[in-house]
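Descriptive analysis of the structure
The primary structure of each chain is shown beneath.
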Amino acid sequence: MDTRGPVIVMELPEQLDRAEVKTFLTELQPLLEEERPSVVLDCSKIQHMDSAGVEMLLYCLEQAMKRDGDLKLAAVSPASAVILELMRVDRLFEVFETTEQAIRSFQVFATPASAQTQPWYGTSQGLAELKAAG
Amino acid sequence: MGFGAVLVISSRNRRFADIAVSSSAQPVSHNGMTGAPLECAEICGRTLVERIIERYAAIDCDSISILVEAGIFLPRFRVEHANVSIETVKDLRPAVTRKLDEYLEQGIDHAFIQWADTYTETDLLDVFCFHRESKQTVTPTFDSNGALALWVVNCEKAQGSPLETLLQQAGRASRYFIREFVTRLSHPRSMREFAADMLRGRCETGPSGRQTRPGIWCDEGADVHRRARLVAPAYIGCGAKVRADALITRFSNIERECCIDSGTVVEDSCILAYTIIGICLDLSHAVVNGNELFNLERDVAIEISDPKVMRSTATVHKLLFTASELIEAIENKAIEKDHKLSKLHPMSQGWQLNGSLIQE
């Protein structure tokens, strides 16, 4: 487990079956009971996931939402991506390519994209200047 | 020296209903917003027309004229800009020529002519400078996908020339190549792509309203139930309601006064203004307008006849809005016997109390 600021990052085990889920939840449960929990689950190591694993993800999401928090997935391995997609659970979560991106998403509000190219006449020059020049 | 802009909203621009008719076995009726071209539909809070006007207003354009073909519904703009005039015309081409002549009389030497289904984030002043330096009558614009419905015209050189002649000249003129963001609203698919681009921050223009949490834009009066799940990025429009256990996910936008009922999933979809979606439905990769649904995966349009599943409240809202405006105007004693309500709303064509609305 890694706590970076207010965001909790946890790495899911290789085998996400009933036995592993129990152990994992023991560790995660107290953190989910905090005020507005922000949790990132790193799914990069998952090789096998069964229904208990999916159920655990949904349970954690429900618990986080109950307390105005959120749970996001990062670096989803191909094995787990297939399972999540087949069960149509993937659309319930925000999914990020890396853990860093997921952490940042809790903190950064999107801003409109800036102009892609800089104008040749400089940004301070507007119509008034063009009129004066022309 | 100065420049103006003529923005053309033509019924030849694609309408939702036209696309629906051409794609489905069952013809879809024209009602509510479907009678308007796609650029007159709000996407993430504002129409494409309004976004184009914002760009012209940002460069201090001397005059912005919107020419709307008769019978087109244009929603009210959220922000009123100076120097914007709206004119309803029967025939657009002579109207454009007349407008260019008017500009010349007002001392405006150059004008942009733009079809409102094309939106670009290029630096308009740079386009103007290119046109001025090239000293040609008309300058066409292009992007990587071909010609764009945006030209710059020298009003003096073009005086009296029909629009067709000008556009023919454009074929031989030096072109301005646009590398920045461009969208052409020619199909509901491009509408969906534009919404997703805005939510992803791929363009300068963005959703209206404020971000309640990263990636979630909620506009004025949006009502999201505590048990509803919004997966970022998503947009919830003015007065829209998202009921308990609903899921809004994957770049979906729910527009003004929509209602997503309990347990319904909206994934990668645009729900256009005044649409009510019933309970426990699963909408994916779709553009929904009232009871018309366009599925982008299957490229098919269907009309839902059961109002419990989906329906539109556009006509009701228009009538309520007009009635409230009328009452307010009477209370203020602002209406004289021979005055029309349209004079009170120079920025709005769509909400006017006129024959077409009464017919609806």
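Reading guide: rules and limits
- Residues numbered from 1 in each chain as written.
- Chains lettered and ligands numbered in written order.
- Predicted model: local features only at pLDDT ≥ 70, side-chain atom pairs only at ≥ 80, totals over all residues.
- Helix = DSSP H or I, 4+ residues; strand = E, 2+ residues; numbered from the N terminus.
- Buried ≥ 20, exposed ≤ 12 C-beta atoms within 10 Å, placed from the backbone.
- Contact = placed C-beta atoms within 7 Å.
- Pairing = 2+ DSSP bridges.
- Core = buried A, V, L, I, M, F, W, Y, C linked by C-beta atoms within 7 Å.
- pLDDT = per-residue confidence, 0-100.
- Expected span 1.5 Å × (residues − 1).
- Axes fitted to C-alpha atoms, helices over the stretch in contact; angles between N-to-C directions.
- Parallel < 35°, antiparallel > 145°, perpendicular 65-115°, else oblique.
- Nonpolar A, V, L, I, M, F, W, Y, C, P; charged D, E, K, R; others polar.

Take the overall build of chain A next. Assigned secondary structure in chain A consists of five helices and seven strands. Reading chain A from its N terminus to its C terminus gives the helix and strand order β-β-β-α-β-β-α-β-α-β-α-α. Residue burial in chain A is summarised as follows: out of 134 residues, 30% are buried. Considering only intrachain contacts with a sequence separation of at least 6, the fraction spanning at least 24 residues in chain A is 78%.

Next up on the list: the overall build of chain B. Along its length, chain B carries eight helices and 28 strands. Counting only residues that meet the buried cut, chain B has 49% of its 360 residues in that class. Taking as baseline every contact in chain B between residues at least 6 positions apart, the subset at least 24 positions apart corresponds to 54%.

A few words on the pairing of strand β25 (residues 286-289) of chain B. Side-chain direction in a regular strand flips from residue to residue, so the side chains alternate between the two faces of the sheet. Residues and elements named next belong to chain B. Here β25 shows a buried face lined by Ala 286 and Val 288 and a second buried face lined by Val 287 and Asn 289. For strand β22 (residues 270-271) and β25, the ladder comprises two bridges, and the chain directions are parallel. Its bridge partner being in β25, Ile 271 is matched across the sheet by Val 288. When β25 meets strand β26 (residues 292-295), the two strands line up antiparallel, connected through four bridges. The partner of Asn 289 across the bridge, within β26, is Glu 292. Where β25 folds back on β26, the antiparallel hairpin that results is connected by two residues, among which Gly 290 adopts a positive phi of roughly 65 degrees.

Here is a general trend for soluble globular proteins: nonpolar side chains tend to be buried in one another's company. Residue and element names in this part refer to chain B. With 132 residues, the main nonpolar core has Leu 7, Ile 9, Val 49, Ala 111, Val 153, Ile 248 and Ile 254 as its most contacted residues. In terms of residues, this core owes the most to one element, strand β1 (residues 3-9), which gives six residues. Beyond its immediate chain neighbours, meaning those up to four positions away, Ala 111 contacts Phe 3, Gly 4, Ala 5, Val 6, Leu 100, Tyr 103, Val 153 and Cys 155.

Another aspect to go through is the environment of Ser190(B). All names here are of chain B. For Ser 190, the location among the structural elements is in helix α6 (residues 188-200). Taking the C-alpha atoms as reference, Ser 190 lies 9.7 Å from Leu 38; in sequence the two are 152 residues apart. Those residues in contact with Ser 190 that lie beyond four places of it in its chain are Thr 183, Arg 184 and Leu 185.

This part covers unusual backbone geometry. Residues and elements named next belong to chain B. Note that the residue after Ala 232, namely Pro 233, is joined by a cis bond; omega there is -5 degrees. With respect to the secondary-structure elements, Pro 233 resides in the loop between β15 (229-230) and β16 (234-236). Its identity is not glycine, yet Tyr 274 carries a phi of approximately 60 degrees, on the positive side. With respect to the secondary-structure elements, Tyr 274 resides in the loop between β22 and β23 (275-277).

Turning to the confidence of the model for chain B, a few remarks are in order. Low-pLDDT portions of the prediction should not be read for the details of their coordinates. Residue and element names in this part refer to chain B. For chain B, mean pLDDT is 84; residues scoring 70 or higher make up 82% of the total. Low pLDDT (under 50) marks residues 19-33, which in the prediction has 35 contacts with non-local residues, meaning those over four places away or in another chain. In the model, residues 341-360 has pLDDT below 50 throughout and makes 34 contacts with residues more than four positions away in sequence or in other chains. Our summary of model confidence lists the complex with pTM equal to 0.83 and ipTM equal to 0.80.

Residues and elements named next belong to chain B. Pairing geometry for strand β6 (residues 110-115) and strand β9 (residues 146-154), over five bridges, is antiparallel. Across the sheet, residue Gln 114 finds its bridge partner in β9, namely Leu 150. As judged from the six bridges shared by strand β8 (residues 138-143) and β9, these two strands associate in the antiparallel manner. If you follow Thr 141 over to β9, its bridge partner there is Leu 148.

Residue and element names in this part refer to chain B. Reading across the sheet, the four strands line up as β15-β18-β21-β24 and stay open at both edges, with parallel pairing between neighbours. Each of the sheet's edge strands pairs with one partner strand only, and the pair in question is β15 and β24 (282-284). Summarising the sheet, strand β21 (residues 265-267) and β24 pair through three bridges and their orientation is parallel. Looking across to β24, one finds that Val 266 is bridged to Leu 283.

Inspection of the secondary structure assignment puts Gly2(B) in the segment before β1. A C-alpha to C-alpha distance of 4.9 Å links Gly2(B) and Ile108(B), two positions 106 residues apart in sequence.

Taken residue by residue, helix α4 (residues 124-134) of chain B has Leu124(B), Leu125(B), Val127(B), Phe128(B), Cys129(B) and His131(B) as its buried positions. Directly beyond the C-terminal end of α4(B), a positive phi value near 55 degrees is found at Lys135(B).

What follows deals with helix α3 (residues 92-105) of chain B. Residues and elements named next belong to chain B. Compared with an ideal rise of 1.5 Å per residue, which puts 14 residues at 20 Å, α3 spans 20 Å between its outermost C-alpha atoms and is within 8% of the ideal. Taken together, the buried positions of α3 are occupied by Leu 92, Ala 95, Val 96, Thr 97, Lys 99, Leu 100 and Tyr 103. Next to the buried residues of α3 lie β1, β4 (63-69), β5 (84-89), β6, β9 and α5 (163-170). In the segment just after α3, Gly 107 is the residue with positive phi, at about 90 degrees.

Residue and element names in this part refer to chain A. Relative orientation of the contacting elements helix α1 (residues 18-32) and helix α2 (residues 51-66) amounts to 10 degrees, with a least axis distance of 10 Å. Classified by the angle their axes make, α1 and α2 are roughly parallel. Seen from α1, the contacting residues are Arg 18, Val 21, Leu 25, Leu 28 and Leu 32; seen from α2, they are Ala 52, Gly 53, Met 56, Cys 60, Gln 63 and Ala 64. Here the residues of the contact of α1 with α2 sort into eight nonpolar, two polar and one charged.

What follows deals with the sheet that holds strand β14 (residues 223-224) of chain B. The strand order across the open sheet formed by five strands is β14-β17-β20-β23-β28 (chain B), and the pairing between neighbours is mixed. Strand pairing shows two members of the sheet lacking a second neighbour, β14 and β28 (310-312) of chain B, which therefore form its edges.

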